[in-house]
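Examining the three-dimensional arrangement
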Amino acid sequence: MDPVSAFDEPLKKLLGGATAKVMADHLDLHTVGDLLHHYPRRYEERGRLTALTDLPLDEHVTVVAQVADARVMTFNGGRGKRLEVTLTDGHGRLQLVFFGHGVHKPHKELLPGRRAMFAGKASVFNRKMQLAHPTYQLLDAELTDEAGATEAVDAFADKLLPIYPACKQLDSWRIAKAVDAVLPSAQEAVDPLPPALREGRGFTALPEALLKIHRPHTKADVAAARDRLKWDEAFVLQVALARRRYADTQLPAVARRPVPGGLLDAFDATLPFTLTDGQLKVSKEIFDDLATEHPMHRLLQGEVGSGKTMVALRAMLATVDAGGQAAMLAPTEVLAQQHHRSITEMMGELAEGGMLGGADQGTKVVLLTGSMGMPARRQALLDLVTGEAGIVIGTHALIEDKVKFHELGLVVVDEQHRFGVEQRDALRSKGKQPPHLLVMTATPIPRTVAMTVFGDLETSVLDQLPAGRSPIASHVVPAKDKPHFLSRAWERVREEVDNGHQAYVVCPRIGDDEDEAAGKKGKKTAEEEAEKRPPLAVLEIAEQLAKGPLTGLRIEVLHGRMHPDEKDDVMRRFAAGQVDVLVATTVIEVGVNVPNATAMVIMDADRFGVSQLHQLRGRVGRGSAPGLCLLVSEAHEASPARARLSAVAATLDGFELSRIDLEERREGDVLGRAQSGVRSSLRVLSVIDDEEVIAAARAEAVEVVAADPELEHLPELRLVLDALLDKDREEYLDKG
């Protein structure tokens, strides 16, 4: 059989339609290859029982345990029956419940002393952990007369028991049975690693690695298989990215060199401060790239407030000097308006090219957003197509077909994680030749994630804050345990305002009718309501503060469902110091710059992610007065949520926090399907723990692609790449 087609074989041919449909719908497994790459999450040792004491709540779990006790109870005057089974593993206990007609079979089989595998969703009832109606498979050697029991024992005796990522409709051991059916196809696996690399690193052959990860005899088998499969994932992905970087170097672009005595020099001469060493170093890297005749692809990472916008603006001015136009793409209207306002303020008369009172070497800086009125929009489009406007700042509206540029030379994308690659490329395709690309993010990204998620970009890091930036003190406010701490928090806000400063109060929810409608969809018990009250809302908190602790202060609200003009008006008045306290959702997370705002209170802080809290906190301490960030939470002191908040309060190092954030979230969330389908192919590779593997794979991939860009001498690697990059993914890599 043709090697690739063995892996491409649809599962329904081997497993039957019903099982294949469940695998496709719930586990996204469609082919033999998909199932062979669905690796066990962990392994149980045949002779050892699972620890029942640390089962994750509300998750589908698989346990191996012994029946301690089983009894049938009646209710509804004897009309209803319930079977309660208690399991033990010598450390903890777990209750199983079966109802109605489902009682008979388990009542006969689950006798005290019997061992079995059980799978179900762990929940709490009457303060006890339980599985309701779990599926199970007996593992007792005595049960040879029971159908399937002998087979179960043979399959699991003296082996490590693979526990697969499962779903409600399909248990781990059913997945194991399905894997047995496709395992012979592992022999047909196409090995992507070049022979010299494989031998040089002493790796297990791929068919053997697949066999060992699914059916290991020892822990050493698992380790050898994982090492090999990690390398495959890292290497294939890095080759895909290296080929994209190589292809980019082959594209033509217009070199954009700063012109002496031009717009950039005029701008630099007006700066009231000196640039930091970091800004100068990163600017040099960008100017060197702009001066080449193939497109720049650079990621600029910078801590909140490190001056990324200044670096980007200087790159845009250099592009305008060299006869090109620059476009900045921002994720929200509020942010686009904020950038437009701050850039025109920074440039002064240089932003009024062609206007009365404008500087001779100035240019026009225009804004383009979806909510603009028709006359302003028409004028902006005209300024772009004639080249009158050297710089445009906008939202997704920039990507629309009717937007035409005179000569697009540079695209700056702000907060890349808010955009898919497709949007970035749609804007880049508007240039006559591919424009240069600068991607900015204020979310610090650990080096390995940068190599994996943004592997097609060169990276610059701004880790130095400009002079005059103030430190931010952060504290957790335990509102439930110590309500007087929350009262003190509002006193601190009042003190900041009395000293002539301003404050933000951030809430997770808006609190209008749409919110309420969403909340009413699912009916909850009183206990659940108490346990999971809705997140605090902007409109409610603003009203409570105005009537209570902050009465007499000028309080305004800001959230995403307000009309853009209204939002802009509130932000403008807040920036002008006409508002004391701004109660807002996370619309203020990026880009809002009000140096006089010194305090931030984040309500229900445990409902935000680590990176998001760091981003929000970066909105204060932007002037000469010290910043204060109070993280209000009702989470229990010993809870993971509180530990997370304490970590945020303990450090201002965004890279350290991004690592914590990464450890908390599953890899898939971090890599994000929005970035590219390729990245969702990570299964055993961890972007946290496998830094050396990723770095080494990247170095090998660069060498391989430099020597053989088309991979003509490595047909197996090509085959695997083609299989990994289905049509969408291939398009992603070939764009630009």
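Summary of the structure given here. (Residues numbered from 1 in each chain as written. Predicted model: local features only at pLDDT ≥ 70, side-chain atom pairs only at ≥ 80, totals over all residues. Heavy atoms only, no water.)

Describing the overall build of the chain
Within the chain one finds 29 helices and 21 strands. Taking all 736 residues of the chain together, the buried fraction comes to 53%. Once local pairs closer than 6 in sequence are excluded, the contacts in the chain between residues at least 24 apart make up 74%. Carbon and sulfur atoms form 52% of the exposed surface of the chain, whose accessible area is close to 32,900 Å². (Helix = DSSP H or I, 4+ residues; strand = E, 2+ residues; numbered from the N terminus. Buried < 20%, exposed > 50% of the residue type's maximum accessible area, 1.4 Å probe, protein only. Contact = heavy atoms within 4.5 Å. Areas by Shrake-Rupley, 256 points an atom, 1.4 Å probe, with all protein chains shown as cover.)

A short note on the side chain of Arg698
Inspection of the secondary structure puts Arg698 in helix H27 (residues 691-707). Despite being buried, Arg698 has no salt bridge partner; Glu458 is the closest side chain of opposite charge, sitting 4.6 Å away. With residues up to four places along the chain from it excluded, the contact list for Arg698 reads Gln238, Arg245, Met451 and Gly455. (Lys, Arg positive; Asp, Glu negative; His and termini not counted. Salt bridge = Lys/Arg side-chain N within 4 Å of Asp/Glu carboxyl O.)

Some points on the environment of Phe655
Mapped onto the elements, Phe655 comes out in helix H25 (residues 654-664). Taking C-alpha positions, Phe655 is 5.2 Å from Pro444, a pair spaced 211 residues apart along the chain.

Some details on the nonpolar core
Counting residues in each nonpolar core, the largest one holds 39 residues, and the members touching the most others are Met316, Met347, Ile391 and Leu410. Here this core takes 9 residues from helix H13 (residues 308-321), the largest share from any one element. Discounting residues that sit within four places of it in the chain, Leu410 has contacts with Leu290, Met296, Ala315, Met316, Thr319, Gln325, Ala326, Ala327, Pro435, His436, Leu437 and Leu438. Within the second largest apolar cluster, 32 residues are counted, among which are Leu35, Tyr39, Leu160 and Ala186. (Core = buried A, V, L, I, M, F, W, Y, C linked by side-chain atoms within 4.5 Å.)

Section: the packing of H13 against helix H14 (residues 333-347)
Contact geometry for H13 and H14: axes closest at 11 Å, N-to-C directions at 70°. One finds that H13 runs roughly perpendicular with respect to H14. Both H13 and H14 take part in a crossing whose hand is right-handed. Residues Thr309, Met310, Leu313, Met316 and Leu317 of H13 touch H14, and the partners they reach there are His339, Ile343, Met346 and Met347. Class assignment of the residues belonging to the contact of H13 with H14 gives a composition of 7 nonpolar, 2 polar and no charged. (Axes fitted to C-alpha atoms, helices over the stretch in contact; angles between N-to-C directions. Parallel < 35°, antiparallel > 145°, perpendicular 65-115°, else oblique. Left-handed = near helix turned anticlockwise from the far one by under 90°. Nonpolar A, V, L, I, M, F, W, Y, C, P; charged D, E, K, R; others polar.)

Some words on helix H23 (residues 610-617)
Of all 8 residues in H23, 7 are buried, a share of seventy percent or more. Among all positions of H23, only Val610, Ser611, Leu613, His614, Gln615, Leu616 and Arg617 are buried.

Quick look at the packing of aromatic side chains
Under the counting rule described, the total for this entry stands at 5 aromatic pairs. Measuring from ring centre to ring centre gives 5.7 Å for Phe203 and Trp231, while their planes differ by 50°; the resulting arrangement is tilted. With Phe203 in the loop between helix H8 (195-200) and helix H9 (206-214) and Trp231 in helix H10 (residues 219-250), this residue pair connects regions lying 28 residues apart in the sequence. Note on accessibility: Phe203 and Trp231 belong to one class, buried. Ring plane angle 35° and centroid distance 6.4 Å describe the contact between Trp231 and Phe235, whose orientation is recorded as tilted. Of the two residues, Trp231 and Phe235 are both situated in helix H10; the distance of 4 residues between them amounts to about one turn of the helix. Among the aromatic residues, those joined into a cluster by ring pairs are Phe98, Phe118 and Tyr136. (Phe/Tyr/Trp six-rings, centres within 6.5 Å; stacked < 30°, edge-to-face > 60°.)

Describing the sheet that holds strand S18 (residues 555-558)
As summarised here, the arrangement of the 6 strands in space is S16-S21-S20-S17-S19-S18, forming an open sheet in which the pairing is parallel. Since the sheet does not close on itself, it has two edges, and those belong to strand S16 (472-478) and S18, each with one partner. The sheet shows a mean angle of 20° between the axes of neighbouring strands, direction not considered. Strand direction decides the pairing type here: strand S20 (residues 597-602) and strand S21 (residues 627-633), joined by 4 bridges, are parallel. Residue pairing in the sheet places Met600 in a bridge with Cys629 of S21. On top of the sheet, helix H24 (residues 640-650) reaches S16 and S21; it is set at about 160° to S16, its chief contact. (Pairing = 2+ DSSP bridges.)

Quick notes on the sheet that holds strand S12 (residues 389-394)
Pairing is parallel across the open sheet formed by 7 strands, whose spatial order is S11-S12-S10-S13-S14-S9-S15. If you trace the sheet from one side to the other, it starts and ends with strand S11 (364-368) and strand S15 (458-462), each paired once. Direction aside, the axes of adjacent strands within the sheet are offset by 20° on average. In the sheet, strand S9 (residues 297-302) pairs with strand S14 (residues 436-441) via 5 bridges, with the strands oriented parallel. Counted as the bridge partner of Leu300 is Met440 from S14. Lying over the sheet, H13 contacts S9, strand S10 (325-329), S12, strand S13 (408-414), S14 and S15, oriented at roughly 170° with respect to S13. Contacts from helix H15 (residues 374-386) reach S10, S11 and S12 within the one sheet, and its direction differs from that of S11 by about 130°.

Observations concerning the pairing of strand S5 (residues 115-125)
Pairing between S5 and strand S7 (residues 135-138): 4 bridges, direction antiparallel. Of the residues in S7, the one forming a bridge with Ala119 is Thr135. Sheet analysis places S5 next to strand S6 (residues 128-132), joined by 4 bridges and oriented antiparallel. By the bridge assignment, Phe125 is partnered in S6 with Lys128.

Remarks on the environment of Val366
Tracing the backbone shows Val366 in strand S11. The spacing of Val366 and Ala351 is 15 residues in sequence and 9.1 Å in space, taken between C-alpha atoms. The contacts of Val366, once residues within four sequence positions are left out, are His340, Ala380, Asp383, Leu384, Ala389, Ile391, Val392 and Ile393.

What about the pairing of S11?
With 5 of 5 residues buried, S11 lies mostly within the body of the structure. Taken together, the 5 bridges between S11 and S12 define a ladder with parallel strand orientation. Within S12, the residue paired with Leu368 across the bridge is Gly394. Regarding topology, H15 serves as the crossover connection from S11 to the parallel S12, and that connection is right-handed. (Right-handed = clockwise from strand over helix to strand, strands pointing away.)

A few points about the side chain of Ser283
Its place among the elements puts Ser283 in helix H12 (residues 277-290). Excluding residues within four positions of it along the chain, Ser283 makes contact with Val311 and Arg314.

A word on unusual backbone geometry
In this structure, His133 takes a positive phi of about 50° despite not being glycine. Examined against the element boundaries, His133 turns out to sit in the loop between S6 and S7. Since its relative accessible area comes to 41%, His133 is described here as partly exposed. Its identity is not glycine, yet Leu711 carries a phi of approximately 55°, on the positive side. Mapping Leu711 onto the fold places it in the loop between H27 and helix H28 (715-724).

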